[in-house]
Amino acid sequence: MSAIRIHQIFYSDETRRQLDPGFIELDNLKNERPDWREYWPIRRYLLDNSPEGNDFIGFFSPKFREKTGLSAEDVTAFISKLPSETDAVLFSPFFDQIAAYWNVFEHGMNHHPGMFETFKLTSEALVPGVMLESLATDSRNTVFSNFFVARAPFWKEWLAKNEMLFAIAEDGASGLAKRLNTKVDYRDGHVQAKVFVMERVATLMLTTNPAWRTRVHDPLLRPIDSLFQPFRLELICLDALKIASTTRDTVEYRAAYRFIREQISERSKAMQKGRTKN
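Residues numbered from 1 in each chain as written. Predicted model: local features only at pLDDT ≥ 70, side-chain atom pairs only at ≥ 80, totals over all residues. Heavy atoms only, no water.

Overview of the environment of Phe60
Residue placement: Phe60 occurs in strand β3 (residues 56-60). Residue classification places Phe60 among the buried residues on the basis of a relative accessible area of 0%. Counting along the chain gives 19 residues from Phe60 to Pro41, while the straight-line C-alpha distance between them is 11 Å. Every residue in contact with Phe60, bar those within four places of it in the chain, is listed here: Ile6, His7, Gln8, Ile9, Phe23, Val75, Phe91, Asn146, Phe147, Phe148 and Val149. (Helix = DSSP H or I, 4+ residues; strand = E, 2+ residues; numbered from the N terminus. Buried < 20%, exposed > 50% of the residue type's maximum accessible area, 1.4 Å probe, protein only. Contact = heavy atoms within 4.5 Å.)

Laid out in structure tokens, this is it:
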């Protein structure tokens, strides 16, 4: 039987108290490279403990339960029932964000304007020939917050691709390096663009290589943002249209997707305007 070894990162006494005792503590108190955020402790672990065998390995942030509502026991129970040939298991939150954007790169550009060229150049370096404008990502392959668990082959490829980005960013000389190291607004501060690129590598791998055998803990079981709650059925339709487009990419699917999304936007604005008047 495959072992399940899921680590949870902590970087302060406060975040250590947030950890689920069912996960394995991963100490990042030294936080030697805060510019790489979660990638630094994950990278350090994988380089020191090269993944081998058939075990499931994962690395979650202290906010895993807050974002997903899932405990270590829930995660372990779900993985334990999966087919033996599974390569990766996804636990992404935010179904509304998965559905409301054609792909995770459009999502990133909406939240961090000006990053399109960075996403485009890095994706082409990692997967030559990929076309971000047409790439559809959906609930079957989207990874947010690095909330995935995988076996050794997936982790090895994930690390290899991220190490390509790491080398470019650390060298600092090229135009792409400067883009990766550019500070991007994030919440009340700034994060370097490379962090948002790194967080999308797993999705890029799954979307461009259908040979990976994945299972998904249904994101619809988790809360939808209150702004999107009235549009739950529309969001399901948006996700279904993206899934359909991966088997038969047609102008009609894309047009239907854009129409429904625009309807959500217009109705949402009208609802917010009504609340303001009241």
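Looking at the packing of helix α6 (residues 104-111) against helix α7 (residues 116-126)
Axis angle and axis distance: for two packed helices, these are the angle between their axes and the distance between the axes, and together they describe the pair. Where α6 meets α7, the closest approach of the two axes is 9 Å, and the angle between their N-to-C directions is 150 degrees. Considering the angle they form, α6 stands roughly antiparallel to α7. Helix-helix and strand crossings are classified by hand; for α6 and α7 the assignment is right-handed. Across the interface between the two elements, Phe105, Gly108 and Met109 of α6 pack against Phe116, Phe119 and Ser123 of α7. Considering only residue class, the contact of α6 with α7 consists of four nonpolar, two polar and no charged. (Axes fitted to C-alpha atoms, helices over the stretch in contact; angles between N-to-C directions. Parallel < 35°, antiparallel > 145°, perpendicular 65-115°, else oblique. Left-handed = near helix turned anticlockwise from the far one by under 90°. Nonpolar A, V, L, I, M, F, W, Y, C, P; charged D, E, K, R; others polar.)

Observations concerning the nonpolar core
Ranked by size, the top nonpolar core spans 48 residues in total, and within it Leu46, Phe59, Phe148, Phe154, Trp155 and Trp158 carry the most contacts. Broken down by element, this core gets its largest block of residues, seven residues, from helix α8 (residues 152-171). Counting 15 residues, the second-largest nonpolar core is a separate cluster that includes Phe95, Ala99, Trp102 and Ile260. (Core = buried A, V, L, I, M, F, W, Y, C linked by side-chain atoms within 4.5 Å.)

Re the sheet that holds strand β4 (residues 88-90)
Read from one edge of the open sheet, six strands run β2-β1-β3-β5-β4-β8, paired in mixed fashion. The open sheet has two edge strands, β2 (24-27) and β8 (214-216), and neither has a second partner. Looking at each pair of strands side by side, their axes are set apart by 25 degrees on average, direction ignored. One ladder, built from four bridges, connects strand β1 (residues 4-10) with β2; its direction is parallel. (Pairing = 2+ DSSP bridges.)

Looking at helix α2 (residues 39-48)
With seven of ten residues buried, α2 is to be regarded as a mostly interior element. Looking only at α2, the buried set comprises Tyr39, Trp40, Pro41, Ile42, Arg43, Tyr45 and Leu46.

Here we look at the pairing of strand β7 (residues 189-192)
Pairing of strand β6 (residues 183-186) with β7 involves four bridges; the strand directions are antiparallel. Note on β7: the bridge partner recorded for Lys183 is Gln192. The turn linking β6 back onto β7 is made up of two residues, and Arg187 within it adopts a positive phi angle of 55 degrees.

Quick word on the packing of aromatic side chains
Overall, the coordinates contain 24 aromatic pairs when judged by the stated rule. Seen from their ring centres, Phe60 and Phe64 are 4.1 Å apart, and the 10 degrees between their planes marks the pair as stacked. For Phe64, a relative accessible area of 0% gives the class buried. Both rings, one in Trp155 and one in Trp158, keep their centres 5.1 Å apart while their planes meet at 80 degrees; by these two values the pair is edge-to-face. Here Trp155 pairs with Trp158, and both are found in helix α8, just three residues apart, close to one helical turn. Comparing Trp155 with Trp158 shows no difference in burial state: the two are buried. Members of the aromatic cluster, joined through ring pairs, are Trp36, Tyr39, Trp40, Tyr45, Phe59, Phe148, Phe154, Trp155, Trp158, Phe166 and Trp212. Lying over the aromatic face of Trp40, Arg33 brings its terminal NZ or CZ to 5.7 Å of the ring centre. (Phe/Tyr/Trp six-rings, centres within 6.5 Å; stacked < 30°, edge-to-face > 60°. Lys NZ or Arg CZ within 6 Å of the ring centre and 35° of its normal.)

These figures capture arrangement, not role.
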